[in-house]
Amino acid sequence: MTDTQKIRVRFAPSPTGTLHIGGVRTALFNWLYARHHAGTFILRIEDTDLSRSTDESIQEILSAMQWLGLDYDEGPFRQMERQDRYREQLANLLDAGKAYRCYCTAEELEAKRKAQQAAGENPRYDGTCRNRTDQPTDQPHVLRFKAPKEGTVTVKDILRGNVNFELKEMDDIILQRTDGTPTYNFVVVVDDADMQITHVIRGDDHLSNTPKQALLYDALGVARPQFAHISMILGPDKTRLSKRHGATSTLEYQKQGYLPHALINYLARLGWSHGDQELFTLEEMIQHFALENVTISAAVFNPEKLLWVNEQWIQTSTPEDIAPHLEPILVQERLLSEGHGRSRDGIARIIPPLQKRAKTLVEMAHGAAFYFKDEVEFDEKAKEKFLTFEVKPWFEKLCAGLEKMDEPLEHDAVESLFKQVIEEEGIKLKNLAQPVRVALTGQTASPGIYDLFLMLGKDRSLTRLRNGIN
């Protein structure tokens, strides 16, 4: 790559399931690299596996990336829409003698594989059809790559240095199946070449594919991109991250009440660092991201650390930033209905008192349940313990004081009213606050007692206090 060549990277998920955490981190590293260098980030859907690819998975990938804010500059491109281009390049390889038709049946290939294993050899195609002179096109066949058999192929990896592979161990990989569909290793090279990809940043599980693809770049006469193979993500038990370690689907974290930026922040720190800094704004991540600071050691996913990061961003984000993400959670938890008609500003207004005690947006929604429900749902034990005949005169004085206040209620005014009632009745704040809390929310735990009045407003507070008296 020349100094003046613009950086172009891609994220190329396979639509055979949900977008998992490992895939998101790969997308994020590509996105950050493109944004840091003012380059281009491309989304490409690798859907050549027709038996497993689904439109539902594609939509899930698009929804997850939109939620995370990983916007792409080009795409999404679908490989199955580029079949003519793949056929054109296959024909070029055939004409150049760099590919050939293979007529071996599945049964014959299986027999060859078993014989090689019995002889202690690594199973690979033995080249039966490699130099066959008659190549009829009307018989079932696959197209294979005629790989060189002597020497080494060197993969230059930004993170790992030069990685050498012996050509004698390389297979004549299949480029096109008998049904005419192309294979992954072939189409990824054609796509990267056509899309002028300069850097391929992907998981190290693809490292074994890279020498095959490097030879295909050479055979097609196009420059190889620069490679950077990042480490995989392990679970807390140091095994590969899977469902047994918790949620791996990206949108599952949305349902669990994680802020998208918190998840992005945490995943960025899985394998990348900038000093000892843990929390990054998006601008800081873009500014500081460099492949030189990405480690090749496997990263360990820690759910507790992710929860901590989420809690920090909930506490420090503005209510206006949180409200768009809290709204769907309120709908999910059936505290708001679809098309509820409430404004984002209205939702943002009640967030400040809830931020102090919520680790997730689901916790925040549960903490706000009393606000969104028209009728108080009482914890029976709390009601019996705190809404006694003794509190009736205290509640009546609070109601009388509230009646004289203007909307919107002010914190200092509500606090002064409480102090007045406490002094007149000769009681402590806790004697009054807890019964009031139960009357307003139905529970013994809630945001601050004065905040409750500000959240509910004058009329709703009066209604609930009077219901408490009754």
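Description of the structure in this document. Please read these numbers as outputs of a predicted model, since none were measured by experiment. (Residues numbered from 1 in each chain as written. Predicted model: local features only at pLDDT ≥ 70, side-chain atom pairs only at ≥ 80, totals over all residues. Heavy atoms only, no water.)

### Observations regarding the pairing of strand S2 (residues 40–45)
Thought 1: Buried residues dominate S2, accounting for six of its six residues.
Thought 2: Residue alternation in S2 divides its side chains into two sets, Thr 40, Ile 42 and Arg 44 and Phe 41, Leu 43 and Ile 45, and both sets are buried.
Thought 3: At this point the chain moves from strand S1 (residues 8–11), through helix H1 (residues 21–36), to the parallel S2, and the crossover so formed is right-handed.
Thought 4: Bridge count between S2 and strand S3 (residues 74–78): three bridges; the pairing is parallel. Bridging from a neighbouring strand, Ile 45 pairs with Arg 78 of S3.
Thought 5: The parallel pair S2 and S3 is bridged by helix H2 (residues 55–68), and the resulting crossover is right-handed. (Buried < 20%, exposed > 50% of the residue type's maximum accessible area, 1.4 Å probe, protein only. Helix = DSSP H or I, 4+ residues; strand = E, 2+ residues; numbered from the N terminus. Right-handed = clockwise from strand over helix to strand, strands pointing away. Pairing = 2+ DSSP bridges.)

### Some thoughts on helix H3 (residues 83–95)
One turn of an α-helix holds 3.6 residues; hence residues three or four places apart share an orientation.
Thought 1: End to end, H3 covers 18 Å across 13 residues, agreeing with the expected 18 Å (1.5 Å per residue, within 8%).
Thought 2: What H3 keeps buried is the set Gln 83, Tyr 86, Gln 89, Leu 90 and Leu 93. For H3, the angular spread of buried residues about the axis comes to 125°, placing them on one side. Summarising the geometry of H3, the exposed residues directed more than 90 degrees from the buried face are Asp 84 and Asp 95.
Thought 3: For H3, the elements touching its buried residues are strand S4 (99–102), strand S5 (142–145), strand S8 (174–176), helix H5 (184–194) and helix H6 (210–220).
Thought 4: Immediately beyond the C-terminal end of H3, within one or two residues, lies Gly 97, with a positive phi of roughly 75°. (Expected span 1.5 Å × (residues − 1). Arc of directions from axis to C-beta. Contact = heavy atoms within 4.5 Å.)

### Here's the deal with the sheet that holds S2
Thought 1: With parallel pairing, the three strands of this open sheet are ordered in space as S1-S2-S3. At either end of the open sheet lies a strand with only one pairing partner, and these are S1 and S3. Within the sheet, the average angular offset between the axes of one strand and its neighbour, ignoring direction, is 25°.
Thought 2: Here S1 runs beside S2; their pairing, made up of four bridges, is parallel. Note that in S2 the partner of Arg 10 across the bridge is Ile 42. (Axes fitted to C-alpha atoms, helices over the stretch in contact; angles between N-to-C directions.)

### Notes on the packing of aromatic side chains
Thought 1: Counted under the stated rule, the structure contains ten aromatic pairs.
Thought 2: Here Trp 272 and Phe 280 contribute two aromatic rings whose centre-to-centre distance is 5.2 Å and whose plane-to-plane angle is 50°, an arrangement assigned as tilted.
Thought 3: According to the relative accessible area criterion, Phe 280 is buried, its value standing at 0%.
Thought 4: The lysine or arginine in question, Arg 144, covers the ring of Tyr 125, its NZ or CZ lying 3.8 Å from the ring centre. (Phe/Tyr/Trp six-rings, centres within 6.5 Å; stacked < 30°, edge-to-face > 60°. Lys NZ or Arg CZ within 6 Å of the ring centre and 35° of its normal.)

### Some words on the sheet that holds S5
Thought 1: Read from one edge to the other, the open sheet built from three strands follows the order S4-S5-S8, with strand pairing classed as antiparallel. For this open sheet the edge positions go to S4 and S8, each flanked by a neighbour on one side alone. Here the average twist between neighbouring strands, direction ignored, is 45°.
Thought 2: Pairing geometry for S4 and S5, over four bridges, is antiparallel. Bridge pairing in S5 links Arg 101 to Leu 143.

### Remarks on the environment of Arg 124
Thought 1: Examined against the element boundaries, Arg 124 turns out to sit in the loop between helix H4 (106–118) and S5.
Thought 2: By relative accessible area, which is 28% here, Arg 124 ends up partly exposed.
Thought 3: Between the C-alpha atom of Arg 124 and that of Arg 144, which follows or precedes it by 20 residues, the distance is 12 Å.
Thought 4: Setting aside anything within four residues of it in sequence, one finds Arg 124 in contact with Gln 116, Lys 168, Glu 169, Met 170 and Asp 171.

### Side note on unusual backbone geometry
Thought 1: Here the amide bond leading from Gly 75 into Pro 76 is cis, since omega sits at 0°, within 30 degrees of zero.
Thought 2: Take Pro 76: it is sitting in strand S3.
Thought 3: Residue Pro 408 is bonded to the preceding Glu 407 through a cis peptide linkage, with omega at -5°.
Thought 4: Relative to the helices and strands, Pro 408 is located in the loop between helix H17 (392–403) and helix H18 (411–425).
Thought 5: Although it is not a glycine, Gln 196 adopts a positive phi angle of roughly 55°.
Thought 6: Positionally, Gln 196 belongs in the loop between H5 and strand S9 (199–203).
Thought 7: For Gln 196, a relative accessible area of 54% translates into the label exposed.
Thought 8: Located in the positive-phi region is Arg 334, a residue other than glycine, with phi close to 60°.
Thought 9: In this structure, Arg 334 sits in the loop between helix H11 (319–332) and helix H12 (344–349).
Thought 10: The exposed category is assigned to Arg 334, whose relative accessible area is 79%.

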